[in-house]
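The lines below spell out each chain.
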Amino acid sequence: MKLRFLIRLGARIGIALGFLAAVIWLAFIPSPKEPPYTFVGAWGGKGHAPGQFDDPTGIAVAGEEVFVADSRNDRIQVFDLQGRFKRQFGSAGAAPGQLGRPMNLAVRDGRLYVAEYVNDRIQVFGLDGTPRAIIGGPGSGPGQFNAPGGVALAANGDLIVADFYNQRVQQLKADGSFVRQWGRTGVIGIGAGQFNYPTDVAVGTDGTVFVADGYNDRIQAFAADGAFSHKWGGPLAMNVFGPFPGWFATVTSLAVDGRGQLFAADFYNHRVQKFSADGTFLTQFGSRGEGRGRFEYVIAVAVAADESVFAVDFGNQRVTRWRPQADSVRDPRP
Amino acid sequence: MLNGKLIGRRIAVTLGLALFASNALAQTAYRIQVDGLACPFCAYGIEKKLGAIAGVARVETDIAAGTVTATMADGATMDEASATRAVQEAGFSLRGFEALGQAAANGAGAGAK
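Residues numbered from 1 in each chain as written. Chains lettered and ligands numbered in written order. Predicted model: local features only at pLDDT ≥ 70, side-chain atom pairs only at ≥ 80, totals over all residues. Heavy atoms only, no water.

1. Things to note about the sheet that holds strand β15 (residues 209-213) of chain A
Residues and elements named next belong to chain A.
Thought 1: Across the sheet, four strands lie side by side as β14-β15-β16-β17; this open sheet has antiparallel pairing. A strand with exactly one partner marks an edge of an open sheet, and here the two such strands are β14 (200-203) and β17 (228-232). Averaged over all neighbouring strand pairs, the angle between strand axes comes to 20 degrees, with direction disregarded.
Thought 2: Sheet topology note: the β15/strand β16 (residues 218-222) ladder contains five bridges and is antiparallel. Along β16, the bridge assignment pairs Phe-210 with Ala-221. (Pairing = 2+ DSSP bridges. Helix = DSSP H or I, 4+ residues; strand = E, 2+ residues; numbered from the N terminus. Axes fitted to C-alpha atoms, helices over the stretch in contact; angles between N-to-C directions.)

Below you can see the structure in the form of C-alpha cells.
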C-alpha cells in the first residue's frame, strides 16, 4: 500500500517537473527566426608581422576596410573586406598616436574611435592613422575612465563609452565634456540601469543605446532620452548565464547593422548571436573549435554595409567573415 | 705564507660581497594564480592593477594557465597583501602567490604569453 503511494507520488512529481521544464523552455529559450550565417573565410595567426595578431580584441568596418585592434601589439591593422593587409598604425605608449591595449572600436564620419584600456582614454584617428584627438583620462570623475572597453557614436556626434571598472556608461560631447551617465560609479548591480563590468556599447538606428553588460550576461537598452527601455539575456536578464539561444556567457561586443538589428559577441559560448532591436532572438552562428566556422572565444563583432559580419576569434588569433544565407538577405524581417 | 692567507681571505670576502650584491640587485619575480582568467578584459585588468604596484617592472599573463608573472625592478619586492589587493581590484580572487627564483624569474618572460 505504502509502496503504491510512493510510486504514484513519484510519478506525479516527475510529471510536474517535466511540465515545469517545458514551461521554462518555452518561456526562456527562444527558437531561431532566421537561418544561421555561413562561414566565408578567416585570416590572421599569432605573431607580430603585418596580418598577424597578438590578442585581437576589437573590430570596425568603414566602407571597404576592416579595422582590427591588435591589442598586445598595441596597433590597429587595416584590411580589405577579403582580409588582405593594407596598413597599420600605433605602437606601445601613451603619446598621441600610441596605444595602450586597444579594445572595441567604432567608426563614424571618416574617423576611428579607439577605446584604450590601459591608457584610460578614447583616441580618435583619421582612417589613415593620423591621430586627431584624445578624450578623457584616468579616474572616476565625469569624463574620466577606468579601463574603457568600447565606444559608440550617437547621431549628434556624442560619444557613448563603456567605462569597465567604473561600472558605468558615460555619454560625452565630442570635446570630452560630460553629458550624463548610466549606472552608479564603481558600484556593481543587477537591476535595470545597473552594470557588472560593461564591455561595449552600440547605438541603434533610432538612437537607442545598447550596452553589453558583460558579466551580468545581458544586453541593456536605453532610449535616446536616456530612460531605461528593456533588457534581455537569460531568465529575466538578471545575471543568469547559459548556453541556450538568447542567453549569454559574457557579452563582449555589440554591432548594429543598417536595419537596426543587433549582433553580440557571446565570449564564453563561442558564438555570435543576432537579435532584433527589441531583443527578439533571430539566429546564432559559430561553435567552439579551431576549424572553419569555429571560435575559441569570440570577442568582437562588426557588420559591413553588404551585411557581411566580421567576428574576432580571440583564442585562434584571427578574424572570421560570415554571410547571411541568401533567403534571409532577401527576406527583410522586423 | 701570511700574505697568501691574507690574499685568500680578501678574495673570499670579495666573492661573498659580489654574491650578496648580485642577489640584492637581482630581478625578483612572482607567480600569481588567479581563477577564471580567460577573457582579456580580466587579464589586462590584472596586468594594469599589478603594474601599478611600486617596483613592478613587467607583468605577463598566461591566460591558458591562469597565471600572472610579475617581474620586479632590481632590488624591489612585492608582498602578498599588495598582490591580493590588486587582484581584488581587478575583480578576482588570488589563489596562489609564489616567489620565483632568479633563474626562474629570468626564464619567466620567455615562457609567458
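Don't stop here, the text continues.
2. Re the pattern of salt bridges
Residues and elements named next belong to chain A.
Thought 1: A complete count under the given rule lists 25 salt bridges over all chains for this structure.
Thought 2: Across the pair Asp-74 and Arg-101 runs a salt bridge whose closest N-O atoms are separated by 3.7 Å. Highlighted residues: Asp-74 in the loop between β3 (65-70) and β4 (75-80) and Arg-101 in the loop between β5 (85-89) and β6 (102-108), separated in sequence by 27 residues.
Thought 3: Of the residues examined, Asp-74 reaches a relative accessible area of 7% and is grouped as buried. (Salt bridge = Lys/Arg side-chain N within 4 Å of Asp/Glu carboxyl O. Buried < 20%, exposed > 50% of the residue type's maximum accessible area, 1.4 Å probe, protein only.)

3. So, helix α2 (residues 40-51) of chain B
Thought 1: Taking 1.5 Å of rise per residue, 12 residues should cover 16 Å, and α2 of chain B covers 16 Å from first to last C-alpha, within 8% of that figure.
Thought 2: Most of α2 of chain B sits inside the fold, with 11 of its 12 residues counted as buried. (Expected span 1.5 Å × (residues − 1).)

4. Some points on helix α3 (residues 80-89) of chain B
All names here are of chain B.
Thought 1: Every buried residue belonging to α3 is among Ser-82, Ala-83, Ala-86 and Val-87, and all of these are buried. Buried residues of α3 fall within an arc of 130 degrees about the axis and therefore sit on the same side.
Thought 2: Close packing links the buried residues of α3 with β1 (29-34), α2 and β4 (94-100).
Thought 3: The N-cap residue of α3 is Asp-79: its side-chain oxygen and the backbone nitrogen of Ala-81 are 3.1 Å apart.
Thought 4: Just beyond α3, the residue with positive phi is Gly-91, at close to 95 degrees. (Arc of directions from axis to C-beta. Contact = heavy atoms within 4.5 Å. Polar contact = N/O pair within 3.5 Å; in protein donor to acceptor, adjacent residues only side chain to side chain.)

5. With respect to the sheet that holds β4 of chain A
All names here are of chain A.
Thought 1: One open sheet accounts for four strands, arranged β2-β3-β4-β5; its pairing is antiparallel. In this open sheet, the two strands that pair with only one neighbour each are β2 (56-62) and β5. Each neighbouring strand pair of the sheet contributes to a mean axis angle of 20 degrees, computed without reference to strand direction.
Thought 2: Of the pairings in the sheet, the one linking β4 to β5 comprises four bridges and is antiparallel in character. Considered in β5, the bridge of Phe-79 is made with Phe-85.

6. Focus: the confidence of the model for chain A
Thought 1: For chain A, mean pLDDT is 94; residues scoring 70 or higher make up 96% of the total.
Thought 2: In this model residues 327-334 of chain A is a low-confidence stretch, pLDDT under 50, and it forms 12 contacts with partners more than four residues away in sequence or in other chains. (pLDDT = per-residue confidence, 0-100.)

7. A closer look at the packing of aromatic side chains
Thought 1: As enumerated under the stated definition, the model contains 32 aromatic pairs over all chains in all.
Thought 2: Taking 6.2 Å as the distance between ring centres and 65 degrees as the angle between the ring planes, the aromatic pair formed by Trp-43 of chain A and Phe-310 of chain A counts as edge-to-face. Linking Trp-43 of chain A in strand β1 (residues 38-44) with Phe-310 of chain A in strand β25 (residues 309-313), this pair joins segments that are 267 residues apart in sequence.
Thought 3: Measuring from centroid to centroid gives 6.0 Å for Phe-79 of chain A and Phe-85 of chain A, while their planes differ by 75 degrees, and the two rings are edge-to-face.
Thought 4: When its relative accessible area of 0% is taken as the criterion, Phe-79 of chain A is described as buried.
Thought 5: Taking the relative accessible area as the measure of exposure, Phe-85 of chain A reaches 33% and is therefore partly exposed.
Thought 6: What links up through ring pairs into an aromatic cluster is the set Tyr-117, Phe-164, Tyr-165, Tyr-197 and Tyr-215 of chain A together with Phe-41 and Tyr-44 of chain B.
Thought 7: One cation-aromatic arrangement involves Lys-48 of chain B over Tyr-117 of chain A; the distance from NZ or CZ to the ring centre is 5.9 Å. (Phe/Tyr/Trp six-rings, centres within 6.5 Å; stacked < 30°, edge-to-face > 60°. Lys NZ or Arg CZ within 6 Å of the ring centre and 35° of its normal.)

8. Quick look at the nonpolar core
Soluble globular proteins: nonpolar side chains tend toward being buried together.
Thought 1: Within the largest apolar cluster, 51 residues are counted, with the highest numbers of intra-cluster contacts made by Ile-59, Val-66 and Phe-310 of chain A together with Ile-32, Leu-50 and Met-78 of chain B.
Thought 2: For this core, the leading source of residues is α2 of chain B, giving six residues.
Thought 3: Ranked by size, the runner-up nonpolar core spans 14 residues in total, among them Phe-39, Ala-255, Val-303 and Trp-322 of chain A. (Core = buried A, V, L, I, M, F, W, Y, C linked by side-chain atoms within 4.5 Å.)

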